[in-house]
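The residues making up each chain are set out below.
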Amino acid sequence: MNGPSVDEQLNEGERGDDLGAGLGLRPETRVERRANRRRTRGRRAFGCFAGLISLLVVGALVAGAVVGFGKGKDALEGLFSAPDYEGAGTGTVVVEITKGQATASIADTLEKKEVVKSARAFERVARDDPRSLQIQAATYTLRKHMSAKAALDLMLNTAESVRVARVSVPAGKTKAEVALILQGSKMKLPAGAAATALGKPALLGLPSYAHNNAEGFLFPGTYDVPKNANAYTMLKLMTAQYAKTAASLNLVKSATNKKLDPYQAVIVASIIGAETNRSEDYAKVARVIYNRLAAGMPLQMDSTIHYVVGRDGGVFTTPEQRANPSPYNTYKHKGLPPTPINSPTRDELRAAINPAQGSWKYFTLINLDTGETAFATTAEEHQANVKKLQGWCQAHKGRC
């Protein structure tokens, strides 16, 4: 045989590496070398396998990010930024959409009005429905807590959602006059419906200080009336607008700070509007009222008598009318009348709680065409102003 014998091979394996022997280390046997080689090959194989798995995972993530980006993005949006209600909603919400209003702006409006849960939900539904481009500029009657799809569908169904009547109530009207306006409007109310509703003030949403009387709280303005609205719906729109206006003026707190009951402030505001038509005089008329009250003087306002006897076309009252025993006759009775005498405007309410500074106790019109009014502190000054009014009336026969 050309190779070493088995004994020689075994002796050679047992001798090991001369370098190891030279370093004083125990020589590695052949059996140990074989075991080490097996372990090394195992580690290499595992490393390759782990690397392959890592590449597959990363590849899958990249592929998912690239191929499914749009769907993944929508899913994340749905989970984190587009909460939505379910169903058709409840109640009634008035929403005004103006000409040229973008979808994003419409969505924000719907969210603020609590129609939809999130603007994003409505935007996504509108984006996926080409009909959303047909949304009209109008005043809509929608519901609270609607799904975005239900809200879009109802807005597109204008026969059901768009208001069909517009009612204007001028400033300075009494509740009886408001009832007549509503009865004669396009609302087509049953006979006597408005008067009947006014007779049930607990259903009208009046403030707690209104003494269960709608007089003074039917805020003037132009209203878009919901489809199939009844008299209660319309009157509640008006009282709600009063509440919104009073809150914006901080009326209750401002009146309280001036040691004035908020109901009294509304009464004063109603007198201001009935006594002058010039906004620049509102705060001065308020000051005259408060100065006369503080001095214990009767107000002597013709407007409060007109509330009882009605107007005959003139701005003044007759001796017979001023003899009327009604508590609204501020010539005979000191203090404020028992209730407001009409529904005041925002500016009149503001003047009532923010009167001008001054010592005036009198005022009178001196020009009925322009509404110019003269204010005075003393009775003598007032009489001089009355003569100016008499001169104007003489120059304009039949006008006074």
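Placed above this text is the structure.
Figured I'd write up the structure that's included with this text. (Residues numbered from 1 in each chain as written. Predicted model: local features only at pLDDT ≥ 70, side-chain atom pairs only at ≥ 80, totals over all residues. Heavy atoms only, no water.)

We now examine the overall build of the protein chain. The secondary structure content of the protein chain amounts to 18 helices and 6 strands. A buried classification covers 38% of the 400 residues belonging to the protein chain. A fraction of 62% describes how many contacts in the protein chain between residues 6 or more apart in sequence connect residues 24 or more apart. With an accessible surface of roughly 22,700 Å², the protein chain has 55% of that area assigned to carbon and sulfur atoms. (Helix = DSSP H or I, 4+ residues; strand = E, 2+ residues; numbered from the N terminus. Buried < 20%, exposed > 50% of the residue type's maximum accessible area, 1.4 Å probe, protein only. Contact = heavy atoms within 4.5 Å. Areas by Shrake-Rupley, 256 points an atom, 1.4 Å probe, with all protein chains shown as cover.)

Right, let's talk about the packing of aromatic side chains for a bit. If you walk through the whole model with that rule in mind, you get 6 aromatic pairs. Between Tyr307 and Tyr328, the ring centres sit 4.8 Å apart and the planes meet at 45°, which makes this aromatic pair tilted. Taken together, the residues Tyr307 in helix 15 (residues 302–309) and Tyr328 in the loop between helix 16 (319–322) and helix 17 (346–353) connect sequence positions 21 residues apart. In this structure Tyr307 comes out as partly exposed when scored by relative accessible area, which is 25%. Its relative accessible area of 13% is what places Tyr328 among the buried residues. Through pairs of rings, three or more aromatic residues link up here, namely Tyr209, Phe217, Tyr242 and Tyr263. A cation sits over an aromatic face here: Arg322 above Tyr331, 5.6 Å from the ring centre. (Phe/Tyr/Trp six-rings, centres within 6.5 Å; stacked < 30°, edge-to-face > 60°. Lys NZ or Arg CZ within 6 Å of the ring centre and 35° of its normal.)

Before going further, it helps to examine the environment of Ala82. Its place among the elements puts Ala82 in the loop between helix 4 (69–80) and strand 1 (90–97). Relative accessible area serves as the criterion here: at 9%, Ala82 is assigned to the buried category. The spatial distance from the C-alpha of Ala82 to the C-alpha of Arg124 is 8.4 Å, given a sequence separation of 42 residues.

In this section: the pairing of strand 6 (residues 372–376). Counting buried positions along strand 6 yields 4 of 5 residues, so the element is predominantly enclosed. Linking strand 5 (residues 362–367) back to strand 6 in an antiparallel pair, the connection comprises 4 residues, with Gly371 at a positive phi of about 80°. (Pairing = 2+ DSSP bridges.)

Turning next to unusual backbone geometry. Even without a glycine there, the phi angle at Glu114 is positive, about 65°. Looking at where Glu114 falls in the secondary structure, it is placed in the loop between helix 5 (103–112) and helix 6 (119–128). Under the relative-accessibility criterion, Glu114 is labelled partly exposed at 39%. At Gln300, a residue that is not glycine, the phi angle is positive and equals roughly 55°.

We now examine the packing of helix 13 (residues 262–275) against helix 14 (residues 282–294). Between helix 13 and helix 14, the least distance of the axes is 9 Å, while the angle of their chain directions is 125°. One finds that helix 13 runs oblique with respect to helix 14. Judged by the twist between their axes, the crossing of helix 13 over helix 14 is right-handed. Contact residues: Val268, Ile271 and Ile272 in helix 13; Tyr282, Val285, Ala286, Ile289 and Tyr290 in helix 14. Along the lines of polarity and charge, the residues of the contact of helix 13 with helix 14 split into 8 nonpolar, no polar and no charged. (Axes fitted to C-alpha atoms, helices over the stretch in contact; angles between N-to-C directions. Parallel < 35°, antiparallel > 145°, perpendicular 65-115°, else oblique. Left-handed = near helix turned anticlockwise from the far one by under 90°. Nonpolar A, V, L, I, M, F, W, Y, C, P; charged D, E, K, R; others polar.)

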